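Spelled out, the chains give:
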Amino acid sequence: MAIELETILRPVDHPVPPFPPKYMQVASGEMMVVRQIDREEVPELLPHVEPLLHVERDYYDIVSARVYAELLAYYRHRVQDEYVLVAQIDGELAAIVNGRFLNADVGVSYHTLALRRGLRVGAHAFAAKMEYHIDIVKQKEVLIVAESPIGFRRWMIEYQLEKRFEVAHELGGVPSWALTKEIFDKARETLVVGRRPVPEALLKKAQAAILPPSSPPKPPQDLLAATRAMNDPTGTSLMLQRWKQEGKV
Amino acid sequence: MREVYVVGIGITSFSRLEYPLSEIAAYPAMQAMKECGLSKIDHLFVANMGASRINQQTALASAVVDTLSLTPAGAEAIENGPASGASAIKTGFMAVASGVHDVVMVTGAERMRAVNNLEATDFVATLSHPLAEYIYGVTLPSLAGMFTRLYMEKYGVTSRHLAMVAVKNHDNAMLNPFAHLHQKITVEAILDSPEAETNNPFVADPLRFFDCCPVSDGGACVILASKEVAQDVAKRNKKPIVRLTGIGQATDTHAVQERENPTDLLAVRGAAQQAFKMAGVKPSDVNVAELHDAFTILEIVESEEVGFFKKGEGHLALEKGLTSLTGQIPINTSGGLKGKGHPVGATGIGQAHEIVTQLRGEARKRQVKNAKIGFTCNFGGFGNNVVCLVFARED
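Caption draft 1: Molecular detail of the overall build of chain A. A count of helices and strands for chain A gives nine helices and eight strands. Taken over 249 residues, chain A has a buried fraction of 49%. The long-range fraction of contacts in chain A, counting pairs at least 24 apart against all pairs at least 6 apart in sequence, stands at 65%. When the accessible area of chain A is evaluated, it comes to approximately 11800 Å², of which 58% is carbon and sulfur surface.

Structure below.
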């Protein structure tokens, strides 16, 4: 009985071509690999996502909570036609992007979670996600929303997405924006990068293990620290807090 | 005229600070007061550029003096665009040197990330000429872009030189716990690799993303005092005594287009000459300098205008490593505006904080050996109001 019920609850994915891995150099000079993972690798990701649930900054808490749920749903077959791409630098997890295929023509972008800041890793990973929908799976458009102002600037403004406000997005039911093939073609030259094939050693290193990010996003400094510092005889609480966060003391 | 000393310093991290502006100004002030053990301040100067426009706060000095429980000390705000910080230090200097006050606090703060990047860019652009520049959409990056293009054509500066400034200052910022950007970058990745155009897109040709400083929140403070007070403080805290030996300020045309030679930064030249003359030293005597690198080109050009290198040879000195941490004249050891950040009103005081830290020998991994004379250049407008300062350690 339980097995029969599971067959009802578990959606059947449609066959789609896999995302061919690619790599690129980021501003630090390091090489970043973007590759698709399958369900078996999801348990490796979850411990790296969970700490971000507690980062109340730049919407990391909301985005990581939703990504965590989406990864879990993917792993346990509770979402249809989802895929997950990861970006890794020297094996370390730098970004996670995911989405799903609504039908043959339309894709849905779920999330872009950057675990390293300042290198455009999120932007590179998002571009790879769009490449998957438009170039690999040959979809006509991808429905997108942004949860953070950073996301809005990166996607809606930089790509100049079209409004598709009559369509409620799966994330929160909010009005959708759309990236069409035409928009993607315009963005290729400036926003979409990556080289193929990935050198064997680089790919093997990425596939060997998804290592935790060495410099993940941190919670903001205590909002009351400055006020408390008024009565702090050392007068250094903010500075110490920052140094502690960065492991310098 | 009395001699003026720096007896206390304080700084916040330059990044995004979600605190009231008055607290961003007050926090480094508390650090500075704690450091020198002085609780009585005669007068307070608060440097800030954008409170009324982007934080909806006027009379900031009144808020800060009360936040610090320093009433009834006199207090006023100093606004001189991005040179507000050094202008406030200069004003504080005059208050002590004249004998009007014995102990003056100069604290600066800016909270630019309260608005988005477009609004922040527009806010800074309001320092340009309202009729000749601003109404035509001029922004600071666009002015700097045109300036850079001209400088490249005239003196042979290349994009690679600009990238070298960025890489050097990011490296220095990695050693500064208060810096905004703790991000190593390489020339290859931002200039040569197939991904360079995306990693480092053009902002205002020929300036790219990594040629521009970040938009930062932050605060910094120095406490200035008379010789008697400084000697008393030094006896207690055992720190080397640092004297503010030279101040200089000069102006240039408001609209850049009206300058006879747009590649000459005459206000930088004039302010530096005044400061060196007053201090009785030459540019070659300087051991460490903080220059106003809001754009990478400015570090190169200012290094020439203040007299460290001949006109048109700043980029050659950079190539030789003369401005690196271990070079002949280390520039922007803090990371500069490029790496440490640029909370506009606080920047000049942040520069002074770094120089005093260096002269005291407290700069840890970025310490310049035997630094005895330090220099700052705080660049207001697009070079139309510049303040330079010279500091010296007294052994």
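This is not the end of the story, as more comes after the structure.
Caption draft 2: Layout of the pairing of strand 1 (residues 5–11) of chain B. All names here are of chain B. Within strand 1, seven of the seven residues are buried, leaving the element largely enclosed by the surrounding structure. In terms of strand pairing, strand 1 meets strand 8 (residues 241–251) through two bridges, oriented antiparallel. Looking across to strand 8, one finds that Val-6 is bridged to Val-242.

Caption draft 3: Quick look at the sheet that holds strand 11 (residues 385–394) of chain B. Residue and element names in this part refer to chain B. Taking strand neighbours across the sheet as the criterion, the nine strands line up as 3-2-4-7-1-8-11-10-9 in an open arrangement whose pairing is mixed. Edge strands, defined here as strands with exactly one partner in the open sheet, are strand 3 (74–78) and strand 9 (288–290). The mean angle between the axes of side-by-side strands here comes to 25°, regardless of whether they run parallel or antiparallel. For strand 1 and strand 7 (residues 217–225), the ladder comprises six bridges, and the chain directions are antiparallel. The residue of strand 7 that forms the bridge with Ile-11 is Ala-220. Running over the sheet, helix 3 (residues 60–67) touches strand 2 (43–47), strand 3 and strand 4 (103–111) and is turned about 125° from strand 2.

Caption draft 4: Highlighting a nonpolar patch on the surface. Residue and element names in this part refer to chain A. The grouping of Leu-5, Ile-8 and Leu-9 at the surface amounts to a nonpolar patch, some 310 Å² of accessible area in total. Topologically, Ile-8 is positioned in helix 1 (residues 2–9). According to the relative accessible area criterion, Ile-8 is exposed, its value standing at 65%.

Caption draft 5: Structural context of helix 2 (residues 42–49) of chain A. Among all positions of helix 2 of chain A, only Val-42, Leu-45, Leu-46, His-48 and Val-49 of chain A are buried. An end-on view of helix 2 of chain A places all buried positions within 165° of arc, on one side of the element.

Caption draft 6: Region of interest: the pairing of strand 2 (residues 31–37) of chain A. Residues and elements named next belong to chain A. Most of strand 2 sits out of view: five of its seven residues are buried. One ladder, built from four bridges, connects strand 1 (residues 22–25) with strand 2; its direction is antiparallel. Bridge pairing in strand 2 places Met-24 opposite Met-32. Where strand 1 folds back on strand 2, the antiparallel hairpin that results is connected by five residues, among which Gly-29 adopts a positive phi of roughly 95°.

Caption draft 7: A look at the confidence of the model for chain A. Looking at chain A, pLDDT values average 90 and 87% of them are 70 or higher. Every residue in residues 226–236 of chain A is under pLDDT 50, and counting partners more than four places away or in other chains gives 16 contacts.

Caption draft 8: Structural detail: the packing of helix 6 (residues 140–155) of chain B against helix 12 (residues 296–305) of chain B. Residues and elements named next belong to chain B. Close contact between helix 6 and helix 12 brings their axes to 10 Å; oriented N to C, the two are set at 60°. The orientation of helix 6 relative to helix 12 falls into the category oblique. The handedness of the crossing between helix 6 and helix 12 comes out as left-handed. Here Phe-147, Thr-148 and Tyr-151 of helix 6 lie close against helix 12, whose contacting residues are Ile-297, Leu-298, Val-301 and Glu-304. Grouping the constituent residues of the contact of helix 6 with helix 12 by class yields five nonpolar, one polar and one charged.

Caption draft 9: Spotlight on the packing of aromatic side chains. The full count for this structure, using the stated rule, is 15 aromatic pairs over all chains. Pairing Phe-101 of chain A with Tyr-132 of chain A gives two aromatic rings, centres 5.6 Å apart and planes at 80°, and the pair type is edge-to-face. Remark: Tyr-132 of chain A occurs in helix 4 (residues 121–136) and Phe-101 of chain A occurs in strand 4 (residues 92–101); sequence separation between them is 31 residues. Both residues of the pair, Phe-101 of chain A and Tyr-132 of chain A, count as buried. Taken together, Phe-147, Tyr-151, Tyr-155, Phe-379 and Phe-382 of chain B form an aromatic cluster joined through their ring pairs. Here the guanidinium or amino end of Arg-196 of chain A rests over the ring plane of Phe-19 of chain A, the centre of that ring lying 5.2 Å away.

Caption draft 10: Representation of the nonpolar core in the model. With 58 residues, the main nonpolar core has Phe-295, Ile-297, Leu-298, Phe-308, Phe-375 and Phe-382 of chain B as its most contacted residues. Breaking this core down by element, the ones donating at least two residues are helix 5 (117–125), helix 6, helix 7 (159–174), helix 11 (266–279), helix 12, helix 13 (314–319), strand 10 (373–380) and strand 11 of chain B. With seven residues, the top contributor of residues to this core is helix 11 of chain B. Counting residues in each nonpolar core, the second largest holds 53 residues, with Ala-87 and Ala-128 of chain A together with Val-167 and Phe-210 of chain B among its members.

Caption draft 11: Up close: the side chain of Asp-264 of chain B. Residue and element names in this part refer to chain B. Of note, Asp-264 is situated in the loop between strand 8 and helix 11. Here Asp-264 falls in the buried class, since its relative accessible area comes to 16%. Within the structure, Asp-264 has its side chain in polar contact with the side chain of Arg-269 (distance 3.4 Å). The residues contacting Asp-264, other than those within four sequence positions of it, are Asp-252, Arg-269, Glu-305 and Lys-311.

Caption draft 12: Structural view of the sheet that holds strand 8 (residues 175–180) of chain A. All names here are of chain A. Taken in spatial order, the eight strands of this open sheet run 1-2-3-4-5-6-8-7, and their pairing is mixed. If you trace the sheet from one side to the other, it starts and ends with strand 1 and strand 7 (162–168), each paired once. In this sheet, neighbouring strand axes are inclined to one another by 30° on average, regardless of whether the strands run parallel or antiparallel. Looking at chain direction, strand 6 (residues 141–144) and strand 8 are connected through four bridges and run antiparallel. Across the sheet, residue Val-142 finds its bridge partner in strand 8, namely Leu-179. Along the sheet, helix 2 makes contact with strand 2, strand 3 (82–89), strand 4 and strand 5 (106–114), crossing strand 4 at roughly 115°. Contacting strand 7 and strand 8, helix 6 (residues 181–191) runs over the sheet at an angle of about 60° to strand 8.

The rules behind these values
- Residues numbered from 1 in each chain as written.
- Chains lettered and ligands numbered in written order.
- Predicted model: local features only at pLDDT ≥ 70, side-chain atom pairs only at ≥ 80, totals over all residues.
- Heavy atoms only, no water.
- Helix = DSSP H or I, 4+ residues; strand = E, 2+ residues; numbered from the N terminus.
- Buried < 20%, exposed > 50% of the residue type's maximum accessible area, 1.4 Å probe, protein only.
- Contact = heavy atoms within 4.5 Å.
- Areas by Shrake-Rupley, 256 points an atom, 1.4 Å probe, with all protein chains shown as cover.
- Pairing = 2+ DSSP bridges.
- Axes fitted to C-alpha atoms, helices over the stretch in contact; angles between N-to-C directions.
- Patch = residues over 30% accessible without salt bridge, like charges linked within 9 Å, V, L, I, M, F, W, Y side chains within 5 Å.
- Salt bridge = Lys/Arg side-chain N within 4 Å of Asp/Glu carboxyl O.
- Arc of directions from axis to C-beta.
- pLDDT = per-residue confidence, 0-100.
- Parallel < 35°, antiparallel > 145°, perpendicular 65-115°, else oblique.
- Left-handed = near helix turned anticlockwise from the far one by under 90°.
- Nonpolar A, V, L, I, M, F, W, Y, C, P; charged D, E, K, R; others polar.
- Phe/Tyr/Trp six-rings, centres within 6.5 Å; stacked < 30°, edge-to-face > 60°.
- Lys NZ or Arg CZ within 6 Å of the ring centre and 35° of its normal.
- Core = buried A, V, L, I, M, F, W, Y, C linked by side-chain atoms within 4.5 Å.
- Polar contact = N/O pair within 3.5 Å; in protein donor to acceptor, adjacent residues only side chain to side chain.

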